[in-house]
2 protein chains.
Amino acid sequence: MSLQKSREIHLLRRPVGMPSVEDFELAAIDLPPLAEGELRVRNQWLSVDPYMRGRMYERESYVPPFALGRAMEGGAIGVVEESRNPGFTPGQHVLSMHGWREGFISNGMGLTPIDPAIAPPQAFLGALGMPGLTAYAGLLRVGQPKESETVFVSAAAGAVGSIVVQIAKAKGCKVVGSAGDDDKCEWVRSLGADAMINYKKEANLTKALAAAAPKGIDIYFDNVGGPHLEAALHVIRPFGRIPVCGMISGYNDTAPAPGPANLIMVIPKRLRIEGFIVSDHYDLMPDFLRDMGAWIAAGKLSWRETVFEGIDKTPEAFLSLFTGANSGKMLVKLT
Amino acid sequence: MSLQKSREIHLLRRPVGMPSVEDFELAAIDLPPLAEGELRVRNQWLSVDPYMRGRMYERESYVPPFALGRAMEGGAIGVVEESRNPGFTPGQHVLSMHGWREGFISNGMGLTPIDPAIAPPQAFLGALGMPGLTAYAGLLRVGQPKESETVFVSAAAGAVGSIVVQIAKAKGCKVVGSAGDDDKCEWVRSLGADAMINYKKEANLTKALAAAAPKGIDIYFDNVGGPHLEAALHVIRPFGRIPVCGMISGYNDTAPAPGPANLIMVIPKRLRIEGFIVSDHYDLMPDFLRDMGAWIAAGKLSWRETVFEGIDKTPEAFLSLFTGANSGKMLVKLT
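Residues numbered from 1 in each chain as written. Chains lettered and ligands numbered in written order. Predicted model: local features only at pLDDT ≥ 70, side-chain atom pairs only at ≥ 80, totals over all residues. Heavy atoms only, no water.

1. Topic: the packing of helix H1 (residues 130–143) of chain A against helix H2 (residues 161–170) of chain A
Residues and elements named next belong to chain A. How we decide: Here an angle of 0 to 180 degrees is reported between the N-to-C directions of two axes, which are lines fitted to C-alpha atoms, with helices fitted over the stretch in contact. Put simply, DSSP H or I for four residues or longer makes a helix, DSSP E for two residues or longer makes a strand, and each gets a number counted from the N terminus. These descriptions rest on fixed angle ranges, namely under 35 degrees for roughly parallel, over 145 for roughly antiparallel, 65 to 115 for roughly perpendicular, and the rest for oblique. Crossings are sorted by hand: turned counterclockwise from the far helix by less than a right angle, the near helix makes the crossing left-handed, and turned clockwise it makes it right-handed. By definition, residues are in contact when any of their heavy atoms lie within 4.5 Å.
One can describe the packing of H1 onto H2 by two numbers: an axis separation of 8 Å at closest approach and a directional angle of 50°. In terms of axis orientation, H1 runs oblique to H2. Judged by the sense of rotation from one axis to the other, the crossing of H1 with H2 is right-handed. Contacts between H1 and H2 involve Gly 132, Ala 135, Tyr 136, Leu 139 and Leu 140 from the former and Ile 163, Val 164, Ile 167 and Ala 168 from the latter.

Quick look at the structure:
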């Protein structure tokens, strides 16, 4: 039956500290009949991502804050159900940024057709999508790895980190990762990581990193900030690079936490710390898809998903990102 | 009379926290007659620089720590007094890194002849020497300023900062500086700075910087670290660059001070923080001397010196760097 009512998740209020399910509400809206030039998409997969926490604050940033009482924006994969737009055909898979809703009507603007023959559709929200390109651009363009260098990746079992690990290996690097439980560490080791640190078991992360990388590290791909960054600054070698993708350890802080006490290391070690945002690197998309396709074909790249089912579970899926519940890409499957 | 005994300053013990004159001692050594191939230099000017504090710690870094009971190494300008080396002529001015001593015997290795027709000899310890090249390389190569961008410089009345200000102006940038007293601020304004902040008078450095640069800054040339860096991270615009030259605010800390609590800004603003050391940029020397010569000839570049007199005053001159006693380059003149 075609979608006439779409349920969607609204941000009800701006969370303070760790968000809770009470900060969200499930709403339903009517989808009117299509006008000329429009199409209707029924979503199959919704993406929940750590960066969304930043958009819940009311502040100026590179993207505007989420509006209250409106559907949360974000990546989603759906199928065209009906189309009065010559550019789209029923049955076609499309990627949108329209977020946490079961379906929507569009004039086609901003919808990207995806080819499920290449990979399962939801992979375009993960390894072949925004998190994959984040890993690719951050490691290769910002990090500039050279063969046989050592790359340290935090949140190495995450949607971005697990791809960084594999691209680094494909580029001939040694890889040390960190993750928050032994199962994740084992999985990332199976992806090719040379050493893994379960940071929750380590009293001294600097010592653990120095032991895992006795000759030091050359690149630290930062997904978490906090003590990981401080440990990396201690262990990194001269001319090291630190692409900063995320600092999830601080996303829910109610007061800003102090930065690394050894930041001065950037001078004697001539380090480069560089923050980046995937949307500045969309020009790499053709290279990314070509390389990822080749690595997948060569069996050098795989991924995992952690899946919640049902639109009403979306807030819970999102919140679980901050407790480390996901291995690989966190997704919501709509039923 | 020719120099037969040279007095020199030894590091007696490794300072803890702020160094004191008791950490140094004055010693005298005999200078023996010259052997074939040797020359004797009588120093006229000694350089004291903030980076020397780092070499007083016993730790691995880009240069080895100063040895205890030996003359402190560092830049000095002297005159060749006697030479049995065909490469050097009596009366010639030379730059050495042999440090805090009245004179020395050398086989000529590592001595650089300088031309006092270009500028007073001591300028080769300042604007035309290591601090000048530090400013040039750090601002132009690391900072990559574009015309009409805004550059913020801390310690703007210092040996490096005051040159950064003038190079930035020569490159068509707007400049905001900070210094620790009104006289310094006035001087740096006279060098071309568009706005100056006397940071000792400001309770909130972020507000002061935002007021001085209402459209934000594009480059922060960091000489001091600490609250200046935090303010810069708040006020800097997207794609800003932070060349880190020094973090003098922390050089005498006995326990590491926390880093900036807003370091996460590097992500949404896509900032680059990059430490550098002048010795990695000696390849720029010909460009540096050409450009500085042209700016001096065009009246676009001037400098100040703060001078202590007598080898025995060298430790005091060095210590005064940390209380902000110097305006421009801190030097010791030997009598």
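That was the structure; now back to the text.
2. Overview of helix H6 (residues 285–297) of chain B
Here is the rule we go by: Given a helix with a known number of residues, its expected span is that number minus one, times 1.5 Å.
In this model, H6 of chain B (13 residues) spans 18 Å end to end at C-alpha, consistent with the 18 Å of a helix rising 1.5 Å per residue. Looking one or two places after H6 of chain B, you find Gly 299 of chain B, whose phi comes out positive at around 70°.

3. Quick look at the relation of the copies chain B and chain A
Cut-off, in case you're wondering: Residues reaching a pLDDT of at least 70 in both copies supply the C-alpha atoms on which the copies are superposed by least squares.
Overlaying chain B on chain A yields an RMSD of 0.1 Å, the required transformation being a rotation through 180° with an accompanying axial translation of 0.0 Å. These values place the two chain copies in the arrangement generated by a two-fold rotation axis. In terms of proximity to the rotation axis, the leading residue of chain B is Gly 259 of chain B, whose C-alpha is 1.9 Å off the axis. Of the interface residues in chain B, 100% have counterparts in chain A that sit at the interface too, so the contact is made through matching surfaces.

4. Let's talk about the nonpolar core
The criterion, for reference: Buried Ala, Val, Leu, Ile, Met, Phe, Trp, Tyr and Cys residues that are joined via side-chain atoms within 4.5 Å together make up what is termed a nonpolar core. The classification of residues rests on relative accessible area computed with a 1.4 Å probe and restricted to protein chains. Under 20% of the type maximum is buried, over 50% is exposed, and intermediate values are partly exposed.
Among the nonpolar cores identified, the biggest contains 98 residues, and Phe 318 of chain A together with Phe 318 of chain B are the most heavily contacted of them. Apart from the residues within four sequence positions on either side, Phe 318 of chain B is in contact with Pro 19, Phe 24, Val 48, Asp 49, Met 52, Arg 53, Met 56 and Trp 100 of chain B.

5. Some points on the pattern of salt bridges
When charged atoms on two side chains of opposite charge get close, those side chains can pair. Residues and elements named next belong to chain A. Quick note on the threshold: Here, a salt bridge means any side-chain nitrogen of Lys or Arg that lies within 4 Å of a carboxyl oxygen of Asp or Glu.
As enumerated under the stated definition, the model contains 46 salt bridges over all chains in all. Measuring nitrogen to oxygen at the nearest pair gives 2.9 Å for the salt bridge that ties Arg 40 to Glu 82. With Arg 40 in strand S3 (residues 39–47) and Glu 82 in strand S4 (residues 76–83), this residue pair connects regions lying 42 residues apart in the sequence. Put simply, Arg 42 and Glu 81 hold a salt bridge, and the shortest N to O gap is 2.8 Å. Of this pair, Arg 42 sits in strand S3 while Glu 81 sits in strand S4, and the two are 39 residues apart along the sequence. For Glu 81, a relative accessible area of 24% gives the class partly exposed. In this structure, a network of salt bridges that share partners links the residues Arg 40, Arg 42, Glu 81 and Glu 82.

6. A short note on the sheet that holds strand S12 (residues 236–244) of chain B
Two pairing modes exist for strands in a sheet, parallel and antiparallel, and in both the strands are linked by backbone hydrogen bonds. Selection rule: Two strands are counted as paired when DSSP detects at least two bridges linking them.
Overall, mixed pairing links the 12 strands, which are arranged S10(A)-S9(A)-S8(A)-S11(A)-S12(A)-S13(A)-S13(B)-S12(B)-S11(B)-S8(B)-S9(B)-S10(B) in an open sheet. Each edge of the sheet is formed by a strand with only one pairing partner; in this case those strands are strand S10 (195–198) of chain A together with strand S10 (195–198) of chain B. Strand-to-strand, the axes of this sheet are offset by a mean angle of 15°, without reference to chain direction. Where strand S11 (residues 217–221) of chain B lies against S12 of chain B, two bridges are found, and the strand directions are parallel. Paired with Ile 217 of chain B across the strands is Ile 236 of chain B, a residue of S12 of chain B.

7. Side note on the confidence of the model for chain A
Our working rule: Known as pLDDT, the predictor's per-residue confidence is scaled from 0 to 100.
With 100% of its residues at a pLDDT of 70 or more, chain A shows a mean pLDDT of 96. For this predicted complex, the interface confidence comes out at an ipTM of 0.94, alongside a pTM of 0.95.

8. Some words on the side chain of Thr 306 of chain B
Residues and elements named next belong to chain B. Using the following cut-off: Under this definition, polar contacts are N or O atom pairs within 3.5 Å; protein pairs additionally need one hydrogen-donor-capable and one acceptor-capable atom, and for neighbouring residues in sequence, both atoms have to be side-chain atoms.
Its location among the elements puts Thr 306 in strand S14 (residues 305–309). Looking at Thr 306, its side chain comes within polar contact range of the main-chain nitrogen of Ser 327, at 2.9 Å. Excluding its chain neighbours within four sequence positions, the residues that come into contact with Thr 306 are Ala 325, Asn 326, Ser 327, Lys 329, Met 330 and Leu 331.

9. What to know about the interface of chain B and chain A
Which entries qualify depends on this criterion: What counts as buried area is the accessible surface, traced by a 1.4 Å probe, that two parts surrender upon association, with contributions from both included.
With 29 residues of chain B at the interface, the matching set in chain A holds 29 residues. Across the chain B to chain A interface the summed buried area is about 2,300 Å²; carbon plus sulfur atoms make up 69%. The largest share of the area that chain B buries against chain A comes from Leu 263, Ile 267 and Arg 270 of chain B, three residues that together contribute 23% of it. Connecting chain B to chain A are two salt bridges. For Arg 270 of chain B, the salt bridge identified is with Asp 280 of chain A, shortest N-O distance 2.6 Å.

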